[in-house]
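A look at the structure
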Amino acid sequence: IGRRKNSRAVAVGSIIAILAGLAMALVCAITVNDIRQADYSLKSTVQLLGLLAGNDPTAKTMAAHALGERRAVEAVPHLCAILDDAVNDINLRHNAAIALGKICAPPRPQGIDLDRALASLVGAFKGGDEYLPCSIAEALGRIGDARSVGPLGEFLNDASRPRPAREAAARA
């Protein structure tokens, strides 16, 4: 009788261990799938532009970043529209500014609308946000166009602007 009790306990314990192992394997598979879905560098430019046009603020922010990293010229109008709309999430606007700076930096890709990008960056630069001008100044400095000097100088001389933003304008 004692041996039978132990053998049942061993069997039940083994079944529990197998089920726990299967559950852990399932959780790992789901996690790997989630990581692959979140890896924006694996998505096509078309997919990223779709995410940029979507409603998920986190996905839009990550898509803007990924489009800037791959210097996707076709993203410039979308990024400019994001930067032009002051009601957009500040993190999204920050990533749009940085992405524009990366896309428009020399050597410039063919077909880039540099005038539109500069207009959006300079327009957003004049806004009242405290930290966005740092990203915009970085982008303007990276682009290196002479038309940026005037707005950067005006910003730098405006004592009402936060010091970090004015320092970013000086570096640019």
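Please read these numbers as outputs of a predicted model, since none were measured by experiment.

This part is about the packing of helix 4 (residues 76–84) against helix 5 (residues 90–104). Between two packed helices, the angle of one axis relative to the other and the distance separating the axes together describe the packing. One can describe the packing of helix 4 onto helix 5 by two numbers: an axis separation of 9 Å at closest approach and a directional angle of 140°. In terms of axis orientation, helix 4 runs oblique to helix 5. In terms of crossing hand, the pair formed by helix 4 and helix 5 is left-handed. Judged by residue contacts, Val-76, Leu-79, Cys-80, Ile-82 and Leu-83 of helix 4 engage Leu-92, Arg-93, Ala-96, Ala-97, Ala-99, Leu-100 and Ile-103 from helix 5. Taken together, the residues of the contact of helix 4 with helix 5 sort by class into 11 nonpolar, no polar and one charged.

Here the focus is helix 6 (residues 114–125). Since one α-helical turn is 3.6 residues long, residues separated by three or four positions face the same way. Helix length check: helix 6 (12 residues) gives 16 Å between terminal C-alpha atoms against 16 Å at 1.5 Å per residue, within 8%. Turning to helix 6, its buried residues number three or more, namely Leu-114, Ala-117, Leu-118, Ser-120, Leu-121, Val-122, Ala-124 and Phe-125. Considering only its buried residues, helix 6 is in contact with helix 4, helix 5, helix 7 (132–143), helix 8 (149–157) and helix 9 (163–171).

Once that is clear, we can look at the environment of Cys-134. Note on placement: Cys-134 falls in helix 7. Through-space distance from the C-alpha of Cys-134 to that of His-94 is 8.9 Å; in sequence the pair is 40 residues apart.

With that settled, consider the side chain of Asn-95. If you trace the backbone, Asn-95 turns up in helix 5. By relative accessible area, Asn-95 is classed as buried at 14%. If sequence neighbours within four positions are ignored, Asn-95 has contacts with Thr-61, Ala-64 and His-65.

Cut-offs applied
Residues numbered from 1 in each chain as written. Predicted model: local features only at pLDDT ≥ 70, side-chain atom pairs only at ≥ 80, totals over all residues. Heavy atoms only, no water. Axes fitted to C-alpha atoms, helices over the stretch in contact; angles between N-to-C directions. Helix = DSSP H or I, 4+ residues; strand = E, 2+ residues; numbered from the N terminus. Parallel < 35°, antiparallel > 145°, perpendicular 65-115°, else oblique. Left-handed = near helix turned anticlockwise from the far one by under 90°. Contact = heavy atoms within 4.5 Å. Nonpolar A, V, L, I, M, F, W, Y, C, P; charged D, E, K, R; others polar. Expected span 1.5 Å × (residues − 1). Buried < 20%, exposed > 50% of the residue type's maximum accessible area, 1.4 Å probe, protein only.

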